[in-house]
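# Inside the fold
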Amino acid sequence: MFRTLTTVRRNLIRFTLDGQFHQAPAGISVAAALLTAVRFSRRSVVSGRGRGPYCMMGTCFDCLVCIDGEPNQQACMVTLREGMNIETQTGIRDLDTGTTADMD
Amino acid sequence: MKARYSLVVVGAGPAGMAAARCAAAHGVDVALLDEQERPGGQIYRSVDDSPLSDPSLLGSDYLYGRQHVAEFRNADIDYFPGTTVWNLDRNRDVSVLVDGKSRGLGADRIVIATGAQERPMPVPGWQLPGVMTAGAGQILLKSAAIVPPDDVVLAGSGPLLLLMASQYLKAGVGIQAILDTTPRSNRPGAVRHLIGALESASYLAKGMGLIASIRQSRVPVYKEVTALNAHGDEVLEAVRFNSRGRDHELPTGTLMLHIGVIPQVHLAMAADCEVRWDEAQLCWRPGLDQWLCSTVPGIGIAGDGAGIVGARASQLQGRLAGLQCVYELGALTRDQRDLKAVAIRKTLDKHLAIRPFLDSMYRPSPEFLTPVDDTMVCRCEEVSAGEIREIARLGCQGPNQAKAFSRCGMGPCQGRQCGSTVAALIAEVQGRKISDVGYYRVRPPVKPITLGQMGNS
Amino acid sequence: MDYDIAVIGGGLVGSSIAYGLSKKGHGVALLDEGDRAFRASRGNFGLIWVQGKGWDFPAYAKWTDEAAGLWPAFDAELQESTGVDLGYTRPGGMEFCFDERGWNDLNDCMARVRTNSDGAFEYEMLEHAELRKRIPEVSSAVIGASYSPRDGHVNPLYLLRALHQRLDAGRVDYLPNRHVDSIECLHGGFELRTNDERLAAGRVVLCAGIDNVRLGKLLGLNIPVRPNRGQLLITERVQHFLNYPTLQVRQTREGSLQIGDSQEDAGRDDGTTTEVMNRLASRAVSIFPMLKTVHVVRAWAALRVMTPDGKPVYQQSSHCQGAFGIACHSGVTLAAIHAGPVADWVAGGNPHPLIARFHPDRFDV
C-alpha cells in the first residue's frame, strides 16, 4: 500500500470507500487516497479483472470510480472532500440502480 | 466565463501560462482553461501549495515553477481551473465542461498547450494493479506527498526515471531496484549529438548529478534490461526480466514504468490540425510554422504538446505563440513582434540543443514499441498485440480499420494508451512505415462526457 | 487475365459481393482505398431493417424482406467459418414516435409496406402502454412505436471483419491502398490502372460508394449518388436493458449504446458538429431519461451513399459487357442478398427477377 510521508503538511479528512471509513490528507486526489487504502479500485468491464490508478493525469481512465453516486469519475482528476462516498466499480454499470453489478 | 475571448489558451502548464501572460501583458483579452484544479501543469504540480514539508527534495527545476505560477496568478487573465475542453473545432468554437455542465465559447485565436503524456510502455501484465507510470509516482509525490512501499521497482529509460529515483531517495523511499532498459546500441548515435548538447551543458551536468546520486545510494541498477514483464494473479506480485543475458525475478507490489513522454495531440487532432510522424522522437506531433501556428488558421500549439522540448523551452515557446497571437490580433506590428522574439529564440535554442542527444540516447527499445503477442495493447477493451498482428495480416490498412475489427481504441481512453502501439504493430507486420500507417481519427468528445451534459438536459 | 472479376471498394457492399464470388470459385481482386478513406461501412448503425423500406417502391419492400430472410443462414455460415461472433439477433425492431402526426405517418407507412410486400410484411403499432410492457424504461415523451418482427441487428464492424477473414481464406486478393485512376474496356475484359500497377480482369464491379460517380464515368455508367452525412454517438458499456434495436437507439452486444442519427447535406465533409451531437444526446435522454448520466465515448460521422430516391442501384453496362455499378446505403441489411443473388448476377448468372427494377433509368423521367 502507498503511504503518506510523515512530514505531510495537511489535515486529515474522512471519506468512505465501499462503506468503510478511511482517512487521507486534505487536498489530494481521490485516486491518491485510494492507493493508500486498497490494492485495486475497479474491475474491468471486459474481463472483470482488477485495475487500479495507472497514469494519475487523466489519460488512462483506469481509475474510474463512483463518487457520491456519480459513476465513472476519473479519481485522479477529482479532489478528495470531507465525507465523500466512494464506491469501486465492478464490471458494467447497471442503469436501474445507478451502481455497478457483477459481470454475469 | 464570457461567450467570446480574443484568445483562449488550453492548458496551464509552462507553455499555456506563458502564452496567456504574454498576451495579457499586451492588453489582449485572454481566457485560460485547464482541467486541473491548480496551475502549473504536471511539471509544476502543486508548486504553490505543496503538501511536502520540504518541497526542495523535488529539485530546483521544480521550485522554479513557483515564480512562474505566482506571476501567472497576478496577470490579468480569466483563469478557469477544473474546466475540461471536450471539443474544439476548426472554427475555434470551444466546448467545455465546468461544474458538470457543458457550455460553449468562441475565440479569435487559440493556443493549445496540452503538454505531454507518458509514452505507453506495454509489457505483459502492465494492466495489473500495482503497475503504474513513473510520472504517476511523481504526481503522487508532488501533489499528495504519497509514496510507494519500499519494495518499489522502477523500470525503463530516460531523464524522468532518473529524476524520479533521486526524488524518491531524498524522500526516504526504499527503492528495491532500477531496471534500465536503455539499449546499449543507442550510445554511438547519442555520442554524435554530444557536442551539440554542450550548448545546454547545464542539462548534462544535472543528468550526471542524478546518475551519481543513484550510484551512491547503492540501489541495485540492472542494465540493458529486456523481456520485462509483470506477474500477478489479481495484483502485481513480481517483475521478471533479463539483464545482460541473465534472467531475474523480483517480488514486488509496485512497478513504475517510464520510456519517455509524447505530445498529447488529441485536442489538436479533433480541431483538424495536421499531425506528422517524428522519427527522432517516435511520436506524432502537429505540423507548425516558426511561429507555432498549426495548419488550421488561428490555432497555435506550444510546449510539449507540439513535440517534446521540456519545461523551460515550453515556457519560451508559449511566449512566442503568445506574441504571434498579439501580432495577429493587431496589438503588435510585425517588426515589434520580430524584435521581441529575437532574445526568446536565442534562449530557446540553448534549451533545445540537448534534445537530439536525449532523443537518441533514450530512444525506446523496439520491445516496447511492438510488444510480444500476449501483451495487452488496448487496456480499455483488452485487445492483445497478437490480435492486432492477426488483423494486420488480413491486410488491414491502419489503426482505424484495426479499431473497427477489434474494438481497440474504443474504450474511454479513446486510444491514448494504444494508438501508437497499434500503428507500430501494423507497420511491423506489413513492412511499412508508421508515418504511412497513420493514427486514429480523433473526434469529439476528446474526453467522455455524459449524454445529459452533451445535450444540456 | 489476372482475375476473373475485379471488385472496386472494400466496404460492406464490395466485400459481400467478393465473398459471394469467392464461394463460387471465381478468382477475385478486391481493390480498396486506405485507412482514412470515406467509409460508410464504419458509420453503419448495424440494423437489418425491413420496416418502412419500400412504402413507395414495392420492389424495394420485397428485396429488403428477402435480404433480411437470408440473414440467419448467412450469419451462421460466417460465424462457423471465421469464429467471429457477429452478434446477430432478430428480436424485431422499433421506431419511436413522439407526437400524433408522427404516429399517423408511421402507421400509414407500415400499411403501405404491407400492401407493397403482398401482405408478407408483419408489423404492429404499439401504443405507449403496450410499448412500456416491452421496454419499461421508455419515457412518456414517446407516445408509441411501430414494431416489426422482421427486423434485426448485428455488429456491422465485425461483419466486415468476418468477410475480410473469409476473403483471406478464399481465393480473393485483397488489395488495399489502391486508388483506381482509370478503367479501360478492352475486348473481352478490362484493364484497371491504380497508383502503381495495372491489372486485368474479365469483369469489373463498382462498389466504391460515392466514388462510383467518378468510376462510373470511366465506363460510361451514370451512377447518380451523392453523399448524405449521418452522425451518431456511442456510449460506454452499460448493463443490457434494450432488447430491441430501434431506429433511434441500439444497444450492442458489448453493452454500448449507439445513438443515431442525422441526415445532412454536407458535401464531402464527414466531420461531427456540436449542434447535431447536442440534438442526438438530448433526444436519447428524452426517450430514456436514465441515460442522462451515461458517458459518450465517441461521436462518429460518415457519408451515406444516397441515390435520388434512396433505393439501391444495380446496373450492368450495355456497351461495356461485364461492367457493373452497385450503390446503396444498406450494406448490412442487404449483405446476404449481395453475397448471394447479386454475386451470381455479376458473375454472369441470371439476374434475380427484381434486379431490373433497380436500374437507374428509373430516374430518367
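Values in this document were obtained by computation on a predicted structure and should not be read as measured data.

## As for the overall build of chain B
- Looking only at helices and strands, chain B features 17 helices and 23 strands.
- In terms of its C-alpha atoms, chain B occupies a principal-axis envelope of roughly 65 × 50 × 45 Å.
- Relative to all contacts within chain B whose residues are 6 or more apart in sequence, the contacts with residues 24 or more apart total 68%.
- With the model as given, the accessible surface of chain B reaches about 16100 Å², and the carbon-plus-sulfur share is 51%.
- Across chain B, the mean location of the 48 positive side-chain charges is 5 Å away from that of the 46 negative side-chain charges.

## A short note on the interface of chain A and chain B
- Between chain A and chain B, the contact holds 38 residues from the first and 54 residues from the second.
- Broken down residue by residue, the surface that chain A buries against chain B is led by F2, Y54 and M57 of chain A, which jointly contribute 20%.
- On the surface where chain A and chain B come into contact, there are 5 salt bridges.
- Between R43 of chain A and E234 of chain B there is a salt bridge, with the nearest N and O atoms lying 3.3 Å from each other.
- Applying the counting criterion to the chain A and chain B interface returns 14 residue pairs in polar contact (both at pLDDT 80 or more).
- Going through the elements one at a time, β1 (3-4), α1 (30-35) and β5 (50-51) of chain A are the ones with two or more residues in the side of chain A that touches chain B.
- Here the side of chain A that touches chain B is composed, by residue class, of 19 nonpolar, 11 polar and 8 charged.
- For β1 of chain A and strand β9 (residues 146-147) of chain B, the ladder comprises 2 bridges, and the chain directions are antiparallel. Opposite R3 of chain A, over in β9 of chain B, you have V147 of chain B as the bridge partner.

## Things to note about helix α3 (residues 100-116) of chain C
All names here are of chain C.
- An ideal rise of 1.5 Å per residue puts 24 Å on 17 residues; α3 measures up with 24 Å between its terminal C-alpha atoms.
- W103, L106, C109, M110, V113 and N116 are the residues of α3 that are buried. All buried residues of α3 project into a common sector of 160° when viewed along the axis, lining one side. Exposed residues on α3 whose side chains face more than 90 degrees from its buried face are E100, R101 and T115.
- Those residues of α3 hidden inside the fold are in contact with α2 (58-82), β4 (93-97), β5 (124-127) and β6 (144-148).

## Some details on the interface of chain A and chain C
- Counting residues at the interface gives 12 residues for chain A, matched by 12 residues for chain C.
- When chain A packs against chain C, close to 940 Å² is buried across both sides, 54% of that on carbon and sulfur atoms.
- Per-residue buried area on chain A facing chain C is highest for I92, R93 and L95 of chain A; these three make up 61% of the total on that side.
- The interface formed by chain A and chain C contains 1 salt bridge.
- With a shortest N-O distance of 2.8 Å, R93 of chain A and E236 of chain C are connected by a salt bridge.
- Inspection of the chain A/chain C interface yields 5 residue pairs in polar contact (both at pLDDT 80 or more).

## Quick look at the packing of helix α1 (residues 12-23) of chain C against helix α5 (residues 156-169) of chain C
All names here are of chain C.
- Close contact between α1 and α5 brings their axes to 9 Å; oriented N to C, the two are set at 35°. Taken as a pair, α1 and α5 cross one another with a handedness that is left-handed. Judged by residue contacts, L12, S15, S16, A18, Y19 and K23 of α1 engage P156, L159, L160, L163, H164, R166 and L167 from α5.
- Residues of the contact of α1 with α5, tallied by class, amount to 8 nonpolar, 3 polar and 2 charged.

## Remarks on the pattern of salt bridges
- In the structure shown here, the tally under the stated rule is 57 salt bridges over all chains.
- When the shortest N-O distance is used, the salt bridge between D373 of chain B and R389 of chain B registers 2.5 Å. Taken as a pair, D373 of chain B in the loop between α12 (366-369) and β21 (376-378) and R389 of chain B in helix α13 (residues 385-393) lie far apart in primary sequence, 16 residues in all.
- Judged by its relative accessible area of 10%, R389 of chain B falls in the buried class.
- Because the salt bridges share partners, they merge into one network encompassing E381 and R407 of chain B together with D85, R237, R253 and E254 of chain C.

## What to know about the sheet that holds strand β10 (residues 152-156) of chain B
All names here are of chain B.
- The sheet built from 5 strands is open, its strands ordered β8-β16-β10-β11-β12 with parallel pairing. Pairing within the sheet leaves two strands with one partner each, and these edge strands are β8 (131-133) and β12 (221-222).
- In this structure, strand β11 (residues 175-180) lies alongside β12, joined through 2 bridges in parallel fashion. In the sheet register, I178 faces β12, and the bridge partner there is V221.
- Against the sheet, helix α3 (residues 134-144) touches β8 and β16 (255-258), its axis set at about 80° to β8.

## Let's talk about the domain arrangement of chain B
Residues and elements named next belong to chain B.
- The assigned domain composition of chain B is domain 1 (4-117 + 262-332), domain 2 (120-259) and domain 3 (370-437).
- Taking the mean C-alpha position of each, domain 1 and domain 3 sit 30 Å from one another.
- Listed as interface residues are 5 residues of domain 1 and, on the opposing side, 6 residues of domain 3.
- Summed over both sides, the interface of domain 1 with domain 3 buries roughly 570 Å², with 61% coming from carbon and sulfur.

## What about the environment of G305 of chain B?
Residue and element names in this part refer to chain B.
- With respect to the secondary-structure elements, G305 resides in the loop between β20 (299-301) and α9 (311-328).
- Measuring from C-alpha to C-alpha, the distance between G305 and F405 comes to 30 Å, with 100 residues separating the pair along the chain.
- Each residue touching G305, except ones within four places of it in the same chain, is listed here: G115, P263, Q264, V265 and P286.

## Details of the pairing of strand β1 (residues 3-8) of chain C
All names here are of chain C.
- Burial runs high along β1: 5 of the 6 residues are buried.
- Taken together, the 5 bridges between β1 and strand β11 (residues 198-206) define a ladder with parallel strand orientation. Bridge pairing in β11 places A6 opposite V204.
- Direction of pairing for β1 relative to strand β2 (residues 28-31): parallel, over a ladder of 4 bridges.

## Details of unusual backbone geometry
- P444 of chain B connects to P445 of chain B through a cis peptide bond whose omega is -5°.
- Along the chain, P445 of chain B turns up in the loop between α16 (434-437) and β23 (449-450).
- Of note in the backbone geometry, D68 of chain A takes a positive phi value of approximately 45° without being a glycine.
- By the secondary structure assignment, D68 of chain A is in the loop between β6 (64-67) and β7 (70-74).

## Structural notes on the domain arrangement of chain C
All names here are of chain C.
- On domain assignment, one finds that chain C holds domain 1 (3-46 + 157-225 + 309-363) and domain 2 (226-306).
- If you average the C-alpha positions of domain 1 and of domain 2, the two centres end up 28 Å apart.
- With 17 residues of domain 1 at the interface, the matching set in domain 2 holds 21 residues.
- The junction of domain 1 with domain 2 conceals about 1500 Å² of combined surface from both sides, 67% of it contributed by carbon and sulfur atoms.

## Re the sheet that holds strand β13 (residues 225-231) of chain B
Residue and element names in this part refer to chain B.
- Read from one edge to the other, the open sheet built from 3 strands follows the order β13-β14-β15, with strand pairing classed as antiparallel. Every other strand in the sheet has two partners, leaving β13 and β15 (246-251) as the edge strands with one partner each. Strand-to-strand twist in this sheet, taken as the mean axis angle between neighbours without regard to direction, amounts to 15°.
- Taken together, the 6 bridges between strand β14 (residues 238-243) and β15 define a ladder with antiparallel strand orientation. Bridge pairing in β15 links A238 to P251.

## A closer look at the nonpolar core
- Counting residues in hydrophobic clusters, the biggest one holds 123 residues, and the most contacted among them are W63, W71, F74 and L159 of chain C.
- The dominant element in this core, judged by the number of residues it contributes, is α2 of chain C, at 9 residues.
- Every residue in contact with L159 of chain C, bar those within four places of it in the chain, is listed here: L12, W71, F74, L78, L86, V332 and A335 of chain C.
- Grouped together as the second largest cluster of nonpolar side chains are 117 residues, C55 and A75 of chain A together with L141 and A302 of chain B included.

## Topic: the side chain of S243 of chain B
Residue and element names in this part refer to chain B.
- Within the element layout of this structure, S243 appears in strand β14.
- Classification of S243 as buried rests on a relative accessible area of 9%.
- From its side chain, S243 meets the backbone oxygen of K223 in a polar contact 2.7 Å long.
- S243 has contacts with Y222, K223, E224, V225 and H248, leaving out every residue within four places of it along the chain.

What counts as what
- Residues numbered from 1 in each chain as written.
- Chains lettered and ligands numbered in written order.
- Predicted model: local features only at pLDDT ≥ 70, side-chain atom pairs only at ≥ 80, totals over all residues.
- Heavy atoms only, no water.
- Helix = DSSP H or I, 4+ residues; strand = E, 2+ residues; numbered from the N terminus.
- Contact = heavy atoms within 4.5 Å.
- Areas by Shrake-Rupley, 256 points an atom, 1.4 Å probe, with all protein chains shown as cover.
- Lys, Arg positive; Asp, Glu negative; His and termini not counted.
- Charge placed at Lys NZ, Arg CZ, Asp CG, Glu CD.
- Buried area = accessible area lost by both parts, 1.4 Å probe.
- Salt bridge = Lys/Arg side-chain N within 4 Å of Asp/Glu carboxyl O.
- Polar contact = N/O pair within 3.5 Å; in protein donor to acceptor, adjacent residues only side chain to side chain.
- Nonpolar A, V, L, I, M, F, W, Y, C, P; charged D, E, K, R; others polar.
- Pairing = 2+ DSSP bridges.
- Expected span 1.5 Å × (residues − 1).
- Buried < 20%, exposed > 50% of the residue type's maximum accessible area, 1.4 Å probe, protein only.
- Arc of directions from axis to C-beta.
- Axes fitted to C-alpha atoms, helices over the stretch in contact; angles between N-to-C directions.
- Left-handed = near helix turned anticlockwise from the far one by under 90°.
- Domains from an automatic or database assignment.
- Core = buried A, V, L, I, M, F, W, Y, C linked by side-chain atoms within 4.5 Å.

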